[in-house]
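Overview (structure and organization)
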Amino acid sequence: MSVPTPGSIHEGGELGYVLVHAFGAVFDNPDLLAVAVIGDGEAETGPLEGSWKGIHFLDPARDGAVLPILHLNGYKISGPTVLGRERDGTIRDLLRGHGYDPHVVAGDDPFSVHTDLAETLDRCWARIREIQDDARRHPGRLRGPWPAIVLRTPKGWTGPKVVDGEPVEGTFRAHQVPLANVRQNPAHLAMLESWMRSYRPEELFDDGGRLVPAVAALAPSGDRRMSANPHANGGKLLVDLDLPDFTAYALPVPRPATEYHESTRQLGLLLRDVFRRNARQRNFRLFCPDETNSNRLGAVFEVENRCFGGPILDIDDHVAHDGRVMEVLSEHSCEGWLEGYLLTGRHGLFATYEAFAMISASMAVQHAKWLEEGIKLEWRRPIASLNVLLTSTCWRNDHNGFSHQGPGLIDTMLSKKGAVARIYLPPDANCLLSVADHCLRSRNYVNLIVIDKQPQLQWLDIDAARTHCARGASVWSWAGNDDGHDPDVVLAAAGDVPTLETVAAAWLIRKHAPELRIRVVNVVDLMTLFPPDAHPHGIDPQAFVDLFTADRPVVFAFHGYQRAIHEIVHGRPATDRFHVRGFNEQGTTTTPFDMVVLNGMSRYHLCIEALRRVQDARAPKLVEACQDMLARHQRYVREHLEDMPEVRDWTWSEV
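What comes next concerns the included structure. Treat the numbers as computed from the prediction; the structure is a model and nothing was measured.

So, the overall build of the chain
The helix and strand tally for the chain stands at 20 helices and 21 strands. Principal axes of the C-alpha set define a box for the chain whose edges measure 90 × 65 × 45 Å. Within the chain, the proportion of its 655 residues that are buried is 55%. Within the chain, residue pairs in contact and separated by at least 24 positions form 76% of the contacts whose partners lie at least 6 positions apart. When the accessible surface of the chain is split by element, carbon and sulfur atoms take 52% of a total near 27800 Å². Counting 68 positive and 86 negative side-chain charges, the chain places the averaged centre of each group 1 Å from the other.

Now the structure itself:
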């Protein structure tokens, strides 16, 4: 199966996701049955092994149903499979433990196996309808186990049994090309012809190659055809979200950088009302690995609950069988459920800690590839974008430490820079609201939004934020002093913590070396830095020069790995003048400012770098002062276990 195959929503090249996609497809789809065929090779993958628990998040009163068919033929490419070698009793126990009622169909005679499978499918469908009918008559009642099928057939079934003296059917040799030399080997060609004729094509097709009427009459018609099923072309079913005015959630910012707020908390208020306004349509869900409150999105629980299909206790917090906040401690399941939900015509957001988004990074890549190919097909209608919010970022994991510090998904998505990937680094709450509104309205993109959950300085009022986000990158004239003239140095930032350190560095230079002309540039849409021929968001050459000049040094503080900026600006004027500071894998459990010091991205490091590049006469004195402050920080943070007050409590003031 692939994107050009009508009726397909699941790219099977990377194994492990068939079951999570099936569950995502049936959430809020009460009449849909998704039959998920799981090979025993795929069953060995971590994501698939974790996917069985999806049945515990299915509400039979509101959702459709998933019927897993675990197909055991015993082998993968060159060896046996774990489940293929297990006894039926062991497989039954495994599936029962996951919450299923297994039905085993096994054999090597095609007619008897086909008959048995057809009867088993009928029984499973009848049981599914019983479960759903009971749940819809008696909401809240705990349901029994859902049916699942275990199908055992020989690998390479009905193909050549022996080739060149080696057994093929029922062995690993059937996995690839059982007859590889038909062009050169007449005996192989004869075996291939005999194999193909064993399906009796003369009984199925007429002389023109069309199905004979008796067979054609068996096929369903209209939307019942697999290739025409609208659920497999989700854009046909897509209904726009009823979105509130994002400006209603704006924080007042009378002056830049004077007040601290948790930016993602404002997004939580917006998402709460997205749930409220679309409750009747039932087409929006939030997916998060048990971190909704931690990521400051807890306002959604004013109107929605966490979904859970098992027993619910009085001590549980906002847990219900029909909840639409999907918390499961598996990034694979969150991402996969959302992908299936989007591909069948709905909307959603996946929020997770930044470092652990790498667990499901390959899934995001596969989805991006699906979209890249899908937009080339006129018959595939646009679907809602895959929106991924990364918070608890590498710079502010004060208590979790190095294990939680890793901005790698930015680099992963940059490799998909063409038609579908978008990366946003809003520096504050109002920019986050503007970006989120855009992403929730967009189609056929993978939108990556990166912002921390901790209290942070707020820079722009809502009107300025909307203008800034529309441009993607802007000069913050209030933070610099170039007055529209060419500066001596450009201080640029992309990301919330880099923005703080950059503006503080500009403040220090303006205070202690006011003769230097400083320009401050903030980048919220990372793709604007690309040349226009590399990405549709890339700004034109003159706009780039208007921001960064044509030849002045640029000290760039970046949220992620430095190499990303060097890659993006390749092809721009004099790129060797870009001097990037970012995350360089220095981390531990420490204070917020110590993290930027460890990675050489503190305001003092940025000052030193800027002064070194302009070679100003006053540079040695200010450089020495910055070095003294870094030494003082080292002593202070180890003695007091917190940052120096002049750093911790810094706000903008006129200089």
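On we go from here.
Description of the nonpolar core
Counting 102 residues, the largest nonpolar core has Leu526, Leu529, Phe548, Phe556 and Phe558 as the members making the most contacts within it. Of the residues forming this core, the biggest block, seven residues, is contributed by helix H1 (residues 18–26). Listed in part, the 80 residues of the second largest apolar core include Leu241, Tyr424, Trp459 and Leu611.

Let's talk about a nonpolar patch on the surface
Taken together, the side chains of Leu204, Phe205 and Leu211 make up a nonpolar region of the molecular surface, amounting to roughly 230 Å² of accessible area. Within the fold, Leu211 resides in the loop between helix H6 (201–204) and helix H7 (213–216). Residue Leu211 is classed as partly exposed on the basis of its relative accessible area, which comes to 42%.

Observations regarding the packing of aromatic side chains
When we look at a pair of aromatic rings, we describe it by the centre distance and by the angle of the planes. In this structure the tally under the stated criterion is 19 aromatic pairs. Between Phe593 and Tyr604, the ring centres sit 5.9 Å apart and the planes meet at 85 degrees, which makes this aromatic pair edge-to-face. Placement of Phe593 in helix H17 (residues 592–598) and of Tyr604 in helix H18 (residues 603–614) is noted, with a sequence separation of eleven residues between them. This pair shows no difference in class: Phe593 is buried, exactly as Tyr604 is. Feature note: the residues Trp459, Trp476, Trp478, Trp507, Trp650 and Trp652 constitute an aromatic cluster, connected by ring pairs.

Here we look at the sheet that holds strand S2 (residues 65–72)
Spatially, four strands are ordered S1-S2-S4-S3 in an open sheet, and the strand pairing comes out parallel. Strands at the two margins of the open sheet, each flanked by one partner only, are strand S1 (33–39) and strand S3 (100–106). Each strand of the sheet is rotated relative to its neighbour by a mean of 20 degrees, with strand direction disregarded. Judged from the four bridges that link them, S2 and strand S4 (residues 146–152) form a sheet pairing that is parallel. Residue pairing across strands places His71 opposite Leu151, the latter belonging to S4. Where H1 meets the sheet, its contacts fall on S1, S2 and S3, and the angle it forms with S1 comes to roughly 175 degrees. Packed on one face of the sheet, helix H4 (residues 110–137) meets S1, S2, S3 and S4 and runs near 165 degrees to S4.

Thoughts on helix H3 (residues 88–98)
Considered for burial, the residues of H3 that qualify are Ile91, Leu95 and His98. Seen end-on, H3 carries its buried residues on one side only, within an arc spanning 55 degrees. Two residues or fewer after H3 comes Gly99, characterised by a positive phi angle close to 105 degrees.

Details of the packing of helix H12 (residues 429–441) against helix H13 (residues 462–471)
Between H12 and H13, the shortest axis-to-axis distance is 8 Å and the interhelical angle comes to 50 degrees. Classified by the interaxial angle, the pair formed by H12 and H13 is oblique. The element H12 and its partner H13 pack so that their crossing is right-handed. Along the contact surface, H12 presents Asn430, Cys431, Ser434 and Val435, while H13 presents Ile462, Ala465, Arg466, His468 and Cys469.

What to know about the side chain of Thr499
Relative to the assigned elements, Thr499 resides in helix H14 (residues 496–512). Residue Thr499 is classed as buried on the basis of its relative accessible area, which comes to 2%. Aside from chain neighbours lying at most four places away, what touches Thr499 is Pro427, Trp459, Trp476, Ala493 and Asn522.

Examining the environment of Asp540
Position of Asp540 relative to the elements: it lies in the loop between strand S19 (518–523) and helix H15 (541–548). Among the residues examined, Asp540 registers a relative accessible area of 41% and is labelled partly exposed. The residues contacting Asp540, other than those within four sequence positions of it, are Pro532 and Arg572. Of note is the side chain of Asp540, whose polar atom sits 2.7 Å from the backbone nitrogen of Ala543.

Calculation rules
- Residues numbered from 1 in each chain as written.
- Predicted model: local features only at pLDDT ≥ 70, side-chain atom pairs only at ≥ 80, totals over all residues.
- Heavy atoms only, no water.
- Helix = DSSP H or I, 4+ residues; strand = E, 2+ residues; numbered from the N terminus.
- Buried < 20%, exposed > 50% of the residue type's maximum accessible area, 1.4 Å probe, protein only.
- Contact = heavy atoms within 4.5 Å.
- Areas by Shrake-Rupley, 256 points an atom, 1.4 Å probe, with all protein chains shown as cover.
- Lys, Arg positive; Asp, Glu negative; His and termini not counted.
- Charge placed at Lys NZ, Arg CZ, Asp CG, Glu CD.
- Core = buried A, V, L, I, M, F, W, Y, C linked by side-chain atoms within 4.5 Å.
- Patch = residues over 30% accessible without salt bridge, like charges linked within 9 Å, V, L, I, M, F, W, Y side chains within 5 Å.
- Salt bridge = Lys/Arg side-chain N within 4 Å of Asp/Glu carboxyl O.
- Phe/Tyr/Trp six-rings, centres within 6.5 Å; stacked < 30°, edge-to-face > 60°.
- Pairing = 2+ DSSP bridges.
- Axes fitted to C-alpha atoms, helices over the stretch in contact; angles between N-to-C directions.
- Arc of directions from axis to C-beta.
- Parallel < 35°, antiparallel > 145°, perpendicular 65-115°, else oblique.
- Left-handed = near helix turned anticlockwise from the far one by under 90°.
- Polar contact = N/O pair within 3.5 Å; in protein donor to acceptor, adjacent residues only side chain to side chain.

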